[in-house]
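# Topology and contacts: notes
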Amino acid sequence: MTSDERPAGTTREIELLWGRRETPRRGPKPKLSRAAVVEAAVAVADAEGLDAVSMQRVARELGFTTMSLYRHVDSKEDLLVFMQDAAMSQHPAGPRDDGDWRAGTEEWCHGALAQYRRHPWAAYVPQSGPPSGPNGLRWMEAGLREIAASGLDAPESLQILLLLTYSLRDLFRMEQDIARAARERGVPLDNEGDEWVRGLRGVLDPEEYPTLLWALDQGTFAEEPPGYREEDGAMGGLGFAIQRILDGVDAYVRSTGRDRAGD
(Lines give C-alpha, C1' and ligand atoms only; values in the text may rest on other atoms or scores of the structure.)
Protein backbone atom coordinates (compact mmCIF):
# COMPACT_ATOMS: atom_id res chain seq x y z
CA MET A 1 0.00 0.00 0.00
CA THR A 2 1.43 3.39 -0.98
CA SER A 3 1.31 6.43 1.29
CA ASP A 4 -1.54 7.91 -0.80
CA GLU A 5 -3.76 4.81 -0.63
CA ARG A 6 -6.20 5.02 2.25
CA PRO A 7 -7.81 2.01 3.93
CA ALA A 8 -11.57 1.89 3.42
CA GLY A 9 -13.58 3.72 6.05
CA THR A 10 -10.75 5.95 7.32
CA THR A 11 -9.97 9.62 6.80
CA ARG A 12 -6.66 11.36 6.38
CA GLU A 13 -6.84 12.77 9.89
CA ILE A 14 -7.40 9.32 11.38
CA GLU A 15 -4.45 7.98 9.43
CA LEU A 16 -2.26 10.84 10.59
CA LEU A 17 -3.22 10.71 14.25
CA TRP A 18 -3.09 6.93 14.52
CA GLY A 19 0.23 6.59 12.69
CA ARG A 20 -1.21 5.01 9.54
CA ARG A 21 0.65 7.43 7.23
CA GLU A 22 4.10 7.16 8.78
CA THR A 23 6.75 5.77 6.45
CA PRO A 24 9.46 3.58 8.01
CA ARG A 25 12.90 5.13 7.57
CA ARG A 26 16.21 3.33 7.32
CA GLY A 27 19.44 4.53 8.83
CA PRO A 28 20.24 6.12 12.17
CA LYS A 29 17.46 7.46 14.37
CA PRO A 30 16.75 11.09 13.42
CA LYS A 31 17.55 13.81 15.96
CA LEU A 32 14.13 15.37 15.41
CA SER A 33 10.77 13.65 15.90
CA ARG A 34 7.15 14.42 15.14
CA ALA A 35 6.39 14.47 18.86
CA ALA A 36 9.08 17.12 19.41
CA VAL A 37 7.70 19.23 16.56
CA VAL A 38 4.17 19.09 17.97
CA GLU A 39 5.35 19.82 21.50
CA ALA A 40 7.26 22.90 20.31
CA ALA A 41 4.27 24.13 18.30
CA VAL A 42 1.98 23.75 21.31
CA ALA A 43 4.45 25.69 23.46
CA VAL A 44 4.50 28.56 20.93
CA ALA A 45 0.69 28.62 20.77
CA ASP A 46 0.38 28.52 24.56
CA ALA A 47 2.74 31.47 24.92
CA GLU A 48 1.74 33.65 21.97
CA GLY A 49 -1.46 32.31 20.43
CA LEU A 50 -2.30 30.34 17.32
CA ASP A 51 -1.30 33.11 14.90
CA ALA A 52 2.31 32.83 16.08
CA VAL A 53 2.57 29.21 14.92
CA SER A 54 4.30 28.62 11.61
CA MET A 55 6.63 25.94 10.34
CA GLN A 56 9.45 28.50 10.28
CA ARG A 57 8.82 29.61 13.86
CA VAL A 58 8.64 26.06 15.20
CA ALA A 59 11.81 25.13 13.36
CA ARG A 60 13.58 28.13 14.90
CA GLU A 61 12.43 27.12 18.39
CA LEU A 62 13.84 23.64 17.84
CA GLY A 63 17.08 24.83 16.27
CA PHE A 64 16.45 23.04 12.98
CA THR A 65 15.79 24.15 9.42
CA THR A 66 12.22 24.44 8.20
CA MET A 67 12.85 21.64 5.70
CA SER A 68 13.76 19.37 8.60
CA LEU A 69 10.21 19.74 9.95
CA TYR A 70 8.68 18.64 6.66
CA ARG A 71 10.26 15.24 7.12
CA HIS A 72 7.92 14.74 10.07
CA VAL A 73 4.88 16.96 9.33
CA ASP A 74 3.71 17.55 5.76
CA SER A 75 2.13 20.97 6.28
CA LYS A 76 0.95 23.51 8.82
CA GLU A 77 -2.58 22.13 8.38
CA ASP A 78 -1.35 18.71 9.48
CA LEU A 79 0.54 20.32 12.36
CA LEU A 80 -2.73 21.87 13.59
CA VAL A 81 -4.36 18.44 13.49
CA PHE A 82 -1.64 17.05 15.76
CA MET A 83 -1.74 20.10 18.02
CA GLN A 84 -5.51 19.87 18.49
CA ASP A 85 -5.29 16.29 19.68
CA ALA A 86 -2.26 17.06 21.85
CA ALA A 87 -4.23 19.83 23.57
CA MET A 88 -6.65 17.19 24.87
CA SER A 89 -3.98 14.92 26.31
CA GLN A 90 -5.21 15.11 29.91
CA HIS A 91 -7.58 12.22 30.51
CA PRO A 92 -11.23 12.86 31.38
CA ALA A 93 -12.65 11.57 34.63
CA GLY A 94 -13.60 7.91 34.69
CA PRO A 95 -17.06 6.49 35.35
CA ARG A 96 -18.61 7.55 38.64
CA ASP A 97 -19.11 4.93 41.32
CA ASP A 98 -22.60 6.26 42.05
CA GLY A 99 -23.74 6.13 38.41
CA ASP A 100 -25.03 9.72 38.58
CA TRP A 101 -25.13 10.63 34.88
CA ARG A 102 -25.96 14.28 35.53
CA ALA A 103 -23.07 14.81 37.91
CA GLY A 104 -20.82 12.89 35.52
CA THR A 105 -21.87 15.05 32.57
CA GLU A 106 -21.26 18.27 34.50
CA GLU A 107 -17.87 16.95 35.60
CA TRP A 108 -17.06 16.19 31.96
CA CYS A 109 -18.02 19.74 30.94
CA HIS A 110 -15.82 21.31 33.61
CA GLY A 111 -12.96 19.02 32.57
CA ALA A 112 -13.33 20.05 28.93
CA LEU A 113 -13.35 23.70 29.99
CA ALA A 114 -10.14 23.12 31.95
CA GLN A 115 -8.51 21.82 28.76
CA TYR A 116 -9.34 25.08 27.01
CA ARG A 117 -7.90 27.05 29.91
CA ARG A 118 -4.61 25.17 29.58
CA HIS A 119 -4.51 25.73 25.82
CA PRO A 120 -6.80 28.70 24.91
CA TRP A 121 -5.75 28.61 21.25
CA ALA A 122 -7.39 25.18 20.85
CA ALA A 123 -10.82 26.85 20.82
CA TYR A 124 -9.80 28.68 17.63
CA VAL A 125 -8.54 25.74 15.55
CA PRO A 126 -10.90 25.31 12.56
CA GLN A 127 -13.13 22.26 12.97
CA SER A 128 -13.39 19.81 10.07
CA GLY A 129 -15.54 17.23 11.82
CA PRO A 130 -15.65 15.08 14.95
CA PRO A 131 -12.39 14.21 16.72
CA SER A 132 -10.18 11.66 15.00
CA GLY A 133 -7.22 11.23 17.36
CA PRO A 134 -6.84 9.08 20.46
CA ASN A 135 -7.08 12.00 22.89
CA GLY A 136 -10.09 13.65 21.28
CA LEU A 137 -11.88 10.32 20.94
CA ARG A 138 -11.14 9.54 24.59
CA TRP A 139 -13.03 12.71 25.57
CA MET A 140 -15.82 11.86 23.13
CA GLU A 141 -16.08 8.37 24.63
CA ALA A 142 -16.29 9.77 28.17
CA GLY A 143 -18.93 12.36 27.25
CA LEU A 144 -21.09 9.86 25.42
CA ARG A 145 -20.73 7.40 28.31
CA GLU A 146 -22.12 9.88 30.82
CA ILE A 147 -24.94 11.20 28.63
CA ALA A 148 -26.03 7.75 27.40
CA ALA A 149 -26.35 6.63 31.02
CA SER A 150 -29.42 8.86 31.20
CA GLY A 151 -31.38 6.57 28.89
CA LEU A 152 -30.94 8.46 25.63
CA ASP A 153 -30.13 6.33 22.59
CA ALA A 154 -26.88 6.79 20.67
CA PRO A 155 -28.03 9.43 18.14
CA GLU A 156 -29.75 11.44 20.89
CA SER A 157 -26.70 11.21 23.15
CA LEU A 158 -24.47 12.44 20.35
CA GLN A 159 -26.71 15.46 19.70
CA ILE A 160 -26.59 16.46 23.37
CA LEU A 161 -22.82 15.96 23.43
CA LEU A 162 -22.45 18.23 20.40
CA LEU A 163 -24.67 20.86 22.00
CA LEU A 164 -22.56 20.88 25.16
CA THR A 165 -19.27 20.76 23.27
CA TYR A 166 -20.02 23.72 21.02
CA SER A 167 -21.57 25.69 23.87
CA LEU A 168 -18.38 25.28 25.89
CA ARG A 169 -16.14 26.22 22.99
CA ASP A 170 -18.14 29.22 21.81
CA LEU A 171 -18.66 30.67 25.29
CA PHE A 172 -14.98 30.23 26.07
CA ARG A 173 -14.07 32.01 22.84
CA MET A 174 -16.43 34.85 23.75
CA GLU A 175 -14.74 35.19 27.14
CA GLN A 176 -11.30 35.24 25.52
CA ASP A 177 -12.34 37.80 22.92
CA ILE A 178 -13.80 40.10 25.58
CA ALA A 179 -10.64 39.80 27.69
CA ARG A 180 -8.46 40.54 24.66
CA ALA A 181 -10.50 43.61 23.74
CA ALA A 182 -10.25 44.88 27.33
CA ARG A 183 -6.47 44.47 27.29
CA GLU A 184 -6.17 46.31 23.98
CA ARG A 185 -8.19 49.22 25.38
CA GLY A 186 -6.24 49.21 28.61
CA VAL A 187 -9.39 48.63 30.66
CA PRO A 188 -9.29 46.15 33.58
CA LEU A 189 -11.57 43.22 32.79
CA ASP A 190 -13.38 43.68 36.12
CA ASN A 191 -14.42 47.17 34.99
CA GLU A 192 -15.43 46.17 31.47
CA GLY A 193 -18.91 44.97 32.42
CA ASP A 194 -19.56 47.97 34.66
CA GLU A 195 -18.65 50.40 31.88
CA TRP A 196 -20.88 48.55 29.44
CA VAL A 197 -23.82 48.69 31.85
CA ARG A 198 -23.32 52.41 32.51
CA GLY A 199 -23.10 53.08 28.80
CA LEU A 200 -26.33 51.20 28.09
CA ARG A 201 -28.22 53.02 30.81
CA GLY A 202 -27.38 56.27 29.07
CA VAL A 203 -28.78 55.25 25.67
CA LEU A 204 -31.56 52.68 26.13
CA ASP A 205 -35.12 53.88 25.64
CA PRO A 206 -37.38 52.14 28.23
CA GLU A 207 -40.17 51.83 25.68
CA GLU A 208 -37.98 50.12 23.07
CA TYR A 209 -35.71 48.08 25.36
CA PRO A 210 -37.78 47.35 28.48
CA THR A 211 -36.50 43.79 28.92
CA LEU A 212 -32.84 44.74 28.67
CA LEU A 213 -33.33 47.45 31.26
CA TRP A 214 -35.18 44.97 33.46
CA ALA A 215 -32.15 42.66 33.22
CA LEU A 216 -29.78 45.52 34.05
CA ASP A 217 -31.87 46.47 37.08
CA GLN A 218 -31.57 42.91 38.39
CA GLY A 219 -27.77 43.02 38.19
CA THR A 220 -27.70 40.34 35.51
CA PHE A 221 -24.41 41.54 34.05
CA ALA A 222 -22.67 42.30 37.33
CA GLU A 223 -23.48 39.56 39.82
CA GLU A 224 -22.10 36.05 39.93
CA PRO A 225 -24.69 33.97 38.05
CA PRO A 226 -26.27 30.75 39.32
CA GLY A 227 -23.86 27.82 39.18
CA TYR A 228 -20.82 30.10 39.55
CA ARG A 229 -17.52 28.35 40.24
CA GLU A 230 -14.53 30.59 40.94
CA GLU A 231 -12.15 28.29 39.06
CA ASP A 232 -14.28 28.66 35.93
CA GLY A 233 -13.81 32.43 35.85
CA ALA A 234 -16.27 34.45 33.81
CA MET A 235 -17.88 31.28 32.48
CA GLY A 236 -18.99 30.08 35.90
CA GLY A 237 -22.61 30.67 34.98
CA LEU A 238 -22.36 27.98 32.36
CA GLY A 239 -23.19 25.57 35.18
CA PHE A 240 -26.73 26.97 35.23
CA ALA A 241 -27.12 26.54 31.46
CA ILE A 242 -25.77 23.00 31.56
CA GLN A 243 -28.19 22.08 34.33
CA ARG A 244 -31.15 23.38 32.30
CA ILE A 245 -30.05 21.34 29.27
CA LEU A 246 -29.80 18.28 31.49
CA ASP A 247 -33.21 19.06 32.98
CA GLY A 248 -34.56 18.72 29.45
CA VAL A 249 -32.76 15.42 28.95
CA ASP A 250 -34.09 14.13 32.25
CA ALA A 251 -37.67 15.15 31.45
CA TYR A 252 -37.44 13.63 27.98
CA VAL A 253 -36.13 10.22 29.05
CA ARG A 254 -38.73 10.04 31.83
CA SER A 255 -41.52 10.86 29.39
CA THR A 256 -40.38 8.02 27.10
CA GLY A 257 -40.00 5.52 29.93
CA ARG A 258 -36.28 5.10 29.34
CA ASP A 259 -35.05 6.62 32.60
CA ARG A 260 -32.12 4.63 33.96
CA ALA A 261 -31.90 6.42 37.30
CA GLY A 262 -33.28 3.39 39.10
CA ASP A 263 -31.25 0.80 37.19
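Calculation notes
Residues numbered from 1 in each chain as written. Predicted model: local features only at pLDDT ≥ 70, side-chain atom pairs only at ≥ 80, totals over all residues. Heavy atoms only, no water. Helix = DSSP H or I, 4+ residues; strand = E, 2+ residues; numbered from the N terminus. Contact = heavy atoms within 4.5 Å. Salt bridge = Lys/Arg side-chain N within 4 Å of Asp/Glu carboxyl O. Buried < 20%, exposed > 50% of the residue type's maximum accessible area, 1.4 Å probe, protein only. Axes fitted to C-alpha atoms, helices over the stretch in contact; angles between N-to-C directions. Left-handed = near helix turned anticlockwise from the far one by under 90°. Nonpolar A, V, L, I, M, F, W, Y, C, P; charged D, E, K, R; others polar. Core = buried A, V, L, I, M, F, W, Y, C linked by side-chain atoms within 4.5 Å. Parallel < 35°, antiparallel > 145°, perpendicular 65-115°, else oblique. Phe/Tyr/Trp six-rings, centres within 6.5 Å; stacked < 30°, edge-to-face > 60°. Patch = residues over 30% accessible without salt bridge, like charges linked within 9 Å, V, L, I, M, F, W, Y side chains within 5 Å. Areas by Shrake-Rupley, 256 points an atom, 1.4 Å probe, with all protein chains shown as cover.

A few words now on the side chain of Glu156. Residue position: Glu156 is located in helix H8 (residues 154–185). Setting aside residues no more than four positions away along its own chain, Glu156 makes contact with Tyr252 and Arg258.

The subject of this paragraph is the pattern of salt bridges. Scanning all chains against the criterion turns up 14 salt bridges. Put simply, Arg96 and Asp98 hold a salt bridge, and the shortest N to O gap is 2.8 Å. According to the relative accessible area criterion, Arg96 is partly exposed, its value standing at 31%. For Asp98, a relative accessible area of 51% puts it in the exposed group. One connected set of salt bridges, linked through shared partners, spans Arg12, Asp74 and Asp78.

It is at 10 Å that the axes of helix H6 (residues 101–118) and H8 come closest, and there the two elements cross at 40°. Considering only the axes of H6 and H8, their crossing is right-handed. Every residue of H8 that contacts H6 at Thr105, Trp108, Cys109, Ala112, Leu113, Tyr116 and Arg117 is listed here: Leu161, Leu164, Thr165, Leu168, Arg169, Phe172, Glu175 and Gln176. Looking at the contact of H6 with H8 residue by residue, the class counts come to 9 nonpolar, 3 polar and 3 charged.

Once that is clear, we can look at the nonpolar core. Ranked by internal contacts, the top residues of the largest apolar core, which has 47 residues, are Val53, Val58, Leu79, Met83, Trp108 and Trp121. Among the secondary structure elements, those contributing two or more residues to this core are helix H1 (12–17), helix H2 (34–48), helix H3 (55–62), helix H5 (76–86), H6, helix H7 (134–148), H8 and helix H11 (238–255). When residues of this core are assigned to their parent elements, the largest contribution, 7 residues, is made by H2. Leu200, Leu204, Leu213 and Leu216 belong to the second largest nonpolar core, which has 5 residues in total.

What follows deals with the packing of H2 against H3. The geometry of H2 relative to H3 is characterised by a closest axis approach of 9 Å and an angle of 105° between their N-to-C directions. Looking at the two axes, H2 sits roughly perpendicular to H3. On H3, the residues that touch Ala36, Val37, Ala40, Ala41, Val44 and Glu48 of H2 are Arg57, Val58, Glu61 and Leu62. Of the residues contributing to the contact of H2 with H3, the split by class is 7 nonpolar, no polar and 3 charged.

Below, the discussion takes up the packing of aromatic side chains. Summed over all chains, the structure comprises 2 aromatic pairs. Their ring planes at 20° and their centres at 5.4 Å tell us that Tyr116 and Phe172 sit as a pair that is stacked. In this pair, Tyr116 is assigned in helix H6 and Phe172 in helix H8, connecting sequence segments 56 residues apart. Assigned by exposure class, Tyr116 and Phe172 land together as buried.

Time to look at the environment of Ala59. With respect to the helices and strands, Ala59 occurs in helix H3. With a relative accessible area of 1%, Ala59 lands in the buried category. The spacing of Ala59 and Ala40 is 19 residues in sequence and 8.6 Å in space, taken between C-alpha atoms.

A surface patch of nonpolar side chains, about 370 Å² in accessible area, is lined by Trp196, Tyr209, Leu212 and Phe221. Among the secondary structure elements, Phe221 is positioned in the loop between helix H10 (210–217) and H11.

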